[in-house]
Amino acid sequence: MTKIEKNKLKGMVFAALFAALTGAVAWFKIPLPFTPVPITLQTLMVLLSGAMLGAYYGALAMVLYLTVGSIGLPVFAGGSSGVGALLGPTGGYLFSYPLAAFVIGKMIEKKSLGRFLKYFSFIVIISLVAVVLLDSISKTGIMKLWDNSSKSYIPMVSIISEQQRLILIVVSTAVLAILLFLIFYLKKSKTFSLDTILAMFAGTLIIYLLGAIQGKFVTKLPWSAIFVGWVLPFIVGDAIKLILAAYIAKNVYIGKYLK
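Residue numbers here run from 1 along each chain, matching the order of that chain's written sequence. Local features are withheld for residues below a pLDDT of 70 in this predicted model, meaning they are given only at 70 or higher, and side-chain atom pairs are given and counted only at 80 or more; totals for whole chains, interfaces and linings count all residues. With hydrogens and water excluded, all non-hydrogen atoms of the structure serve as input to the side-chain values.

K.L.:
Explain the pairing of strand S2 (residues 35–40) to me, and be specific about the residues and the numbers.
P.N.:
Strands pair, by our definition, only if DSSP identifies at least two bridges between them. Comment: elements are numbered from the N terminus, with helices defined as DSSP H or I runs of at least four residues and strands as E runs of at least two. Pairing of strand S1 (residues 29–32) with S2 involves three bridges; the strand directions are antiparallel. Counterpart to Ile30 in the pairing with S2 is Ile39. Where S1 hands over to S2, the hairpin turn is made up of two residues, counted between the paired strands.

K.L.:
Outline the pattern of salt bridges, listing residues and values.
P.N.:
Criterion for a salt bridge: a side-chain nitrogen of Lys or Arg within 4 Å of a carboxyl oxygen of Asp or Glu. The final tally for this structure, using the stated rule, is four salt bridges. Glu162 serves as the salt-bridge partner of Arg165, at 2.5 Å between the closest nitrogen and oxygen. Separated by three residues within a single helix, Arg165 and Glu162 lie in helix H6 (residues 162–184), roughly one turn from each other. Looking at Arg165, the relative accessible area reads 10%, which means it is buried. The cut-offs for exposure are 20% and 50% of the maximum accessible area for each residue type, with area from a 1.4 Å probe on protein chains only; residues under the lower value are buried, those over the upper are exposed, and the others partly exposed. Take Glu162: its relative accessible area is 41%, and that puts it in the partly exposed class. The closest approach of N and O atoms between Asp238 and Lys241, which form a salt bridge, is 3.1 Å. With Asp238 and Lys241 both in helix H9 (residues 235–251), this residue pair falls three residues apart, about one helical turn.

Below, the structure written as structure tokens:
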């Protein structure tokens, strides 16, 4: 067996290992009452797969994960499985995993990418949170939710209480502070890699985008409701997972085993 063949075999072994780890952490699931999208740890492994295995083997790990889940092994969120999970309202997140891992790996490998491209995903996510904050403060009604009494979608600020609106303002402000902390403080830290953090923001945005598109297609909800149910509740948790994944990727180097 040549060295190239050995390296390919090692890459496939690690891809299978990361696929198995993704299935293992998927059993952790926290359902939310206002959305079919639960809080899980799968995205943590997506970030790590792209950052630690590289573009191709990271994507392969997620393809293997989706394959074993689609044929019936209970490796999706909460132990679910099957094609139905892929085609349901949350299936877009699953379909995004190989692409997200690939983009993360490729962005880390291509350090010559322009500054704007590296910061683009971060700017988009910051902007999404800013929309929530501004809508909560100004009561412009950008975000809409379903109202059972009127049987229609109405501005979220007209449904929630004043206390809930204030909580939303505080949470949105905190999220913005956390995200800005990631960029302006951690980039000076030797414990984290700014390139890795920015690549993971790009992967996270891909996960949001594909998850939201399929959620919109399946549920027929307005985009504002999709944003409230499919994206907004997860930004804080995903920022925390991103920090953890960036730390692990920086301090646990497995690239030497793939050479």
